[in-house]
2 protein chains.
Amino acid sequence: MSKKQQILETAIQLFAEYGIEATSIQHITKSTGISKGAFYLSFASKEDLIKEIIDTFMKQFVADIDRVVNTPLLADEKLQNYFSAHLNLLEKHADFAKMYAQEQMYSINEEILEKLMYYDALIDRSLLSLFQELFPLQTEQQAIDLLVSIKGLIRIYSQLILFHPYPHDTTRIVEVLVEKTMLLGEHSKTFYLTMEMVKLPVTSESQLPTTSQIHVVIEELQKERHPELIEETFEVLREELQREHPRQAVLQGLYGHLIAYTPTKWLSYLVKQIDTKKDA
Amino acid sequence: MSKKQQILETAIQLFAEYGIEATSIQHITKSTGISKGAFYLSFASKEDLIKEIIDTFMKQFVADIDRVVNTPLLADEKLQNYFSAHLNLLEKHADFAKMYAQEQMYSINEEILEKLMYYDALIDRSLLSLFQELFPLQTEQQAIDLLVSIKGLIRIYSQLILFHPYPHDTTRIVEVLVEKTMLLGEHSKTFYLTMEMVKLPVTSESQLPTTSQIHVVIEELQKERHPELIEETFEVLREELQREHPRQAVLQGLYGHLIAYTPTKWLSYLVKQIDTKKDA
DNA sequence: TTGACGTTTGACCAACTGGTCATTAGTATA
DNA sequence: TATACTAATGACCAGTTGGTCAAACGTCAA
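Residues numbered from 1 in each chain as written. Chains lettered and ligands numbered in written order. Predicted model: local features only at pLDDT ≥ 70, side-chain atom pairs only at ≥ 80, totals over all residues. Heavy atoms only, no water.

### Things to note about the overall build of chain A
Helix and strand content of chain A: 14 helices and 0 strands. Sequence-ordered secondary structure for chain A, helices as α and strands as β, is α-α-α-α-α-α-α-α-α-α-α-α-α-α. Each principal axis of the C-alpha distribution contributes one length, and for chain A these read about 60 × 50 × 35 Å. Pairs at least 24 residues apart make up 69% of the contacts formed inside chain A by residues separated by at least 6 positions. Split by element, the accessible area of chain A, about 13500 Å² in all, is 51% carbon and sulfur. Of note, chain A has its 28 positive side-chain charges centred 3 Å away from the centre of its 40 negative side-chain charges. (Helix = DSSP H or I, 4+ residues; strand = E, 2+ residues; numbered from the N terminus. Contact = heavy atoms within 4.5 Å. Areas by Shrake-Rupley, 256 points an atom, 1.4 Å probe, with all protein chains shown as cover. Lys, Arg positive; Asp, Glu negative; His and termini not counted. Charge placed at Lys NZ, Arg CZ, Asp CG, Glu CD.)

Structural data, given as structure tokens:
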């Protein structure tokens with residue numbers, strides 16, 4: 001594991017345990033077993049460290065959630081899978097989730113707050129499209145209201161899971177959440193929220209990735225070694241993106257390889273977005 | 001306004017705006033327009049300041065909520081009043097609410113966390129009794145599950161209100177919350193949470209206040225001047241508590257005076273608890 | 001005017017913060 | 001072995017933190 005990776009992991013642990021503000025760089029370096037100077041070889045600043053942590057994890061989250069929601073299944077199976085995926089990610093990356101929870105409530109920095117809101121909006125968008133599939137007759141206002149309610153439920157259940165040392169029965173929790181979602185989605189009659197009040201700034205197509213952005217991401221990834229299959233995928237992807245109209249069949253195959261390998265999850269998400277755009 | 005009061009108010013504002021950790025004592029003293037030494041004449045430490053802020057507000061909150069839930073009305077009117085009261089308190093004390101939100105997520109101190117959980121549990125208890133009145137056939141598990149769900153909804157709507165600059169229509173939000181509560185309360189079939197998982201440590205009677213505790217609170221209050229009626233109420237209350245069995249009729253009258261005057265709200269709550277105990 | 005007494009000040013403290021950089025250690029090549 | 005390179009160190013910096021305390025201030029009665 002690279003030095004940078006080591007620092008990242010120690011930092012997340014400390015951030016989760018003591019809070020971000022309360023964790024000093026000396027604290028991190030001592031726990032990692034390196035000198036202060038070494039830290040600044042890997043990260044430009046404490047803020048930079050926090051940003052990298054958020055990027056690393058949230059990109060995975062977004063890609064994973066997006067895949068679950070876009071897998072061709074019945075809508076209610078998808079809903080179940082969504083909750084499952086969410087809770088599993090929570091358990092798997094509990095330290096990050098704890099850190100995320102506090103940063104979300106009180107961000108040390110405007111820029112970081114925006115970053116969080118950006119990823120949050122991407123996930124919201126996935127959930128929203130799922131709701132529109134589940135309850136086709138819903139108005140936009142209904143969907144937004146449901147979205148917020150479900151987020152509230154997920155958040156409080158997540159908090160319980162994270163901060164309560166218990167062998168949790170996630171499949172049971174999923175059942176409970178699905179039931180509540182269906183109840184609220186089918187029978188709610190009064191609504192308060194509107195689109196502008198929750199501001200999901202990512203709904204416009206202006207946010208869709210361009211091929212050049214994807215090329216940048218690939219270049220970044222190629223700075224490190226990856227399995228044969230992945231390296232090959234990069235090459236094919238580059239070629240396919242040269243075309244005026246990249247062929248969906250090809251992209252989908254590549255997507256399959258990329259989503260299955262953690263470091264390229266975000267790339268897979270970007271490819272998928274391109275894909276759906278050409279679709280429309 | 002006393003110097004202490006001035007400091008408290010400035011501190012809450014700063015805590016709400018910049019976060020608790022990020023706000024230094026120098027920051028507070030400069031904003032209040034006093035010297036550092038003067039701060040330490042009113043508070044023993046920064047931690048002490050935070051504790052006092054929490055106590056001041058949460059005692060009011062608990063008393064106000066408890067009154068709403070125990071007013072003799074139809075259960076669904078109570079529910080509506082509960083949400084109303086909650087949202088109004090939120091708007092009225094927005095700065096404290098913001099501070100509370102962050103401290104709840106990541107407390108700088110174990111002792112403060114316990115304090116927060118204590119007051120939280122008191123409010124939970126009020127809500128729980130209301131649910132049991134609304135849905136008499138519910139099992140304990142159902143009630144707990146509903147409690148957590150509603151708390152999740154309240155929290156996310158609160159967050160929207162607090163951090164979104166909008167002229168919010170609280171009566172509309174109350175409608176929405178009432179509808180969702182009724183939906184979830186009446187039709188939920190699957191449950192996950194149990195009493196021990198949310199641990200409401202205040203349910204046992206061991207937590208009920210003793211008359212001697214009340215005497216201490218009165219003494220504390222009498223260090224400052226209060227309206228004639230209140231001073232008189234103190235005297236009558238003292239006498240009544242001397243009796244083997246304080247008379248409900250008298251206590252209820254006194255309660256009416258105490259709940260209406262902010263500094264004695266907490267005392268009114270304690271008196272009410274004594275009252276209901278002798279009841280049972 | 002004096003002196004006594006509580007209030008208020010702000011320079012001062014040690015500890016710690018995020019961040020820098022001359023120096024050193026380690027390693028690969030010639 | 002000598003050279004050239006990067007990787008790593010930790011003393012050091014200026015600034016800030018929560019907290020203290022001798023000294024100055026204000027306000028009385030004598």
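### Focus on the protein's contact with DNA strand C
DNA strand C sits among 15 residues. The nearest are Ile 25, Lys 36, Tyr 40 and Lys 46 of chain A together with Ser 35 of chain B. By atom count, sugar and phosphate contribute 46% of the portion of DNA strand C lying within 4 Å of the protein. Ser 24 of chain A is positioned with one of its side-chain polar atoms (N or O) 3.1 Å from a phosphate oxygen of DNA strand C. In the model, a phosphate oxygen of DNA strand C is placed 2.8 Å from a nitrogen or oxygen of the Ser 35 of chain B side chain. Listed by contribution, the elements that provide at least two residues to the surface near DNA strand C are α2 (25–32) and α3 (36–42) of chain A together with α3 (36–42) of chain B. Looking at the surface near DNA strand C residue by residue, the classes come out as 5 nonpolar, 7 polar and 3 charged. (Near = heavy atom within 4 Å. Polar contact = N/O pair within 3.5 Å; in protein donor to acceptor, adjacent residues only side chain to side chain. Nonpolar A, V, L, I, M, F, W, Y, C, P; charged D, E, K, R; others polar.)

### Here's the deal with the packing of helix α6 (residues 94–105) of chain B against helix α7 (residues 110–134) of chain B
Residue and element names in this part refer to chain B. The geometry of α6 relative to α7 is characterised by a closest axis approach of 10 Å and an angle of 115° between their N-to-C directions. The angle between α6 and α7 places the two elements in the roughly perpendicular class. Relative to α7, the crossing made by α6 is left-handed. For the pair α6 and α7, contact is made by Tyr 100, Glu 103 and Gln 104 and by Ile 112, Leu 113, Leu 116 and Asp 120, respectively. Taken together, the residues that form the contact of α6 with α7 break down as 4 nonpolar, 1 polar and 2 charged. (Axes fitted to C-alpha atoms, helices over the stretch in contact; angles between N-to-C directions. Parallel < 35°, antiparallel > 145°, perpendicular 65-115°, else oblique. Left-handed = near helix turned anticlockwise from the far one by under 90°.)

### Side note on the relation of the copies chain A and chain B
Mapping chain A onto chain B leaves a residual RMSD of 0.1 Å; the transformation is a rotation of 180° accompanied by 0.0 Å of translation along its axis. On the angle and the small slide along the axis, the relation comes out as a two-fold axis. In terms of proximity to the rotation axis, the leading residue of chain A is Gly 152 of chain A, whose C-alpha is 2.4 Å off the axis. Counting the interface residues of chain A, we find that 100% of their copies in chain B are interface residues as well, pointing to one common contact surface. (Least-squares fit on C-alpha atoms with pLDDT ≥ 70 in both.)

### What to know about the UniProt feature "domain: HTH tetR-type" (unreviewed entry) in chain A
The sites that carry the UniProt feature "domain: HTH tetR-type" (unreviewed entry) are, in the present numbering, residues 1–61 of chain A. The span residues 1–61 of chain A is 77% helix and 0% strand, and its two end C-alpha atoms sit 22 Å from each other. (UniProt positions renumbered as here; feature names shortened; annotations may be inferred.)

### A look at the environment of Thr 262 of chain B
All names here are of chain B. Mapped onto the elements of the fold, Thr 262 is located in the loop between α13 (248–259) and α14 (265–279). For Thr 262, a relative accessible area of 40% puts it in the partly exposed group. Taking the C-alpha atoms as reference points, Thr 262 and Lys 115, separated by 147 residues in sequence, lie 21 Å from one another. (Buried < 20%, exposed > 50% of the residue type's maximum accessible area, 1.4 Å probe, protein only.)

### Let's talk about the environment of Ile 65 of chain B
Residue and element names in this part refer to chain B. The residue Ile 65 is located in helix α4 (residues 46–70) in this model. Residue Ile 65 is classed as buried on the basis of its relative accessible area of 2%. Spatially, the C-alpha atoms of Ile 65 and Ile 123 are 7.0 Å apart, while their sequence positions differ by 58 residues.

### Thoughts on the interface of chain A and chain B
The interface is formed by 46 residues belonging to chain A together with 46 residues belonging to chain B. In total, chain A and chain B occlude about 4200 Å² of area from one another, counting both sides; carbon and sulfur atoms represent 61% of this. Ranking the residues of chain A by area buried against chain B places Met 105, Tyr 106 and Tyr 192 of chain A at the top, with a combined share of 18%. Here chain A is connected to chain B by 2 salt bridges. Asp 145 of chain A is the salt-bridge partner of Lys 180 of chain B, the closest N and O atoms lying 2.8 Å from each other. The tally of links between chain A and chain B comes to 20 residue pairs in polar contact (both at pLDDT 80 or more). (Buried area = accessible area lost by both parts, 1.4 Å probe. Salt bridge = Lys/Arg side-chain N within 4 Å of Asp/Glu carboxyl O.)

### Considering the nonpolar core
With 180 residues, the main nonpolar core has Ile 53, Tyr 82 and Leu 237 of chain A together with Ile 53, Tyr 82 and Leu 237 of chain B as its most contacted residues. With near-sequence residues (within four places) excluded, Ile 53 of chain A lies in contact with Leu 8, Ala 11, Ile 12, Phe 15, Phe 96 and Met 99 of chain A. (Core = buried A, V, L, I, M, F, W, Y, C linked by side-chain atoms within 4.5 Å.)

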